[in-house]
Amino acid sequence: QVQLVESGGGLVQAGGSLRLSCAASGSIFSINVMGWYRQAPGGRELVATSTTGGRVNYADSVKGRFTISRDNAKNTVYLQMNSLKPEDTAVYYCLAELTTTRGSDDYWGQGTQVTVSS
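For clarity, every value in this text was computed on a predicted model and none was experimentally measured.

## Thoughts on the pattern of salt bridges
If charged atoms from side chains of opposite charge come close, those side chains can pair.
At step 1: Under the definition given, this model contains four salt bridges.
At step 2: Residues Asp60 and Lys63 are paired through a salt bridge, measuring 3.1 Å at the closest nitrogen-oxygen approach.
At step 3: The salt bridge partner of Arg65 is Asp88, with a shortest N-O separation of 2.7 Å. Taken together, the positions of Arg65 in the loop between β6 (56–58) and β7 (66–71) and Asp88 in the loop between β8 (76–81) and β9 (90–100) put the pair 23 residues apart, joining distant regions of the chain. Side by side, Arg65 and Asp88 carry an identical accessibility label, which is buried.
At step 4: Several salt bridges converge on common partners, so that one network encompasses Arg38, Glu45, Arg65 and Asp88.

Here it is, written out as structure tokens:
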């Protein structure tokens, strides 16, 4: 069984910073992609992803403000969020595309609320 545990959300003023963490645990054989999505009123959208090979991808709306990083030894992904804006307010979900003894699949964290006040 695989678990993704997120932490680091909270309330911050516009212009502030937060750092999200997501640790994957369980019977994991390998992890291909780890990343972050967020659920806003308009739907769930990609924030940033990172492959094990080092390729990163960001939504245009967060480029230059957010940084994704990984600690592969700890199966953990981080999202450093700087210069936060009220429109960044959302529930942030961690995603891991990984392989277990049962095969490959996508796994999601439980979500962590980020609220940015103006």
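## Let's talk about the environment of Leu20
At step 1: Counting through the fold element by element, Leu20 comes out in strand β3 (residues 18–26).
At step 2: Sequence separation of Leu20 and Gly10 is ten residues, and the distance between their C-alpha atoms is 9.6 Å.
At step 3: Here Leu20 is in contact with Ser7, Gly8, Gly9, Trp36, Val77, Tyr78, Leu79, Met81, Tyr92, Thr112 and Val114, once residues within four sequence places are set aside.

Definitions and cut-offs
- Residues numbered from 1 in each chain as written.
- Predicted model: local features only at pLDDT ≥ 70, side-chain atom pairs only at ≥ 80, totals over all residues.
- Heavy atoms only, no water.
- Salt bridge = Lys/Arg side-chain N within 4 Å of Asp/Glu carboxyl O.
- Helix = DSSP H or I, 4+ residues; strand = E, 2+ residues; numbered from the N terminus.
- Buried < 20%, exposed > 50% of the residue type's maximum accessible area, 1.4 Å probe, protein only.
- Contact = heavy atoms within 4.5 Å.

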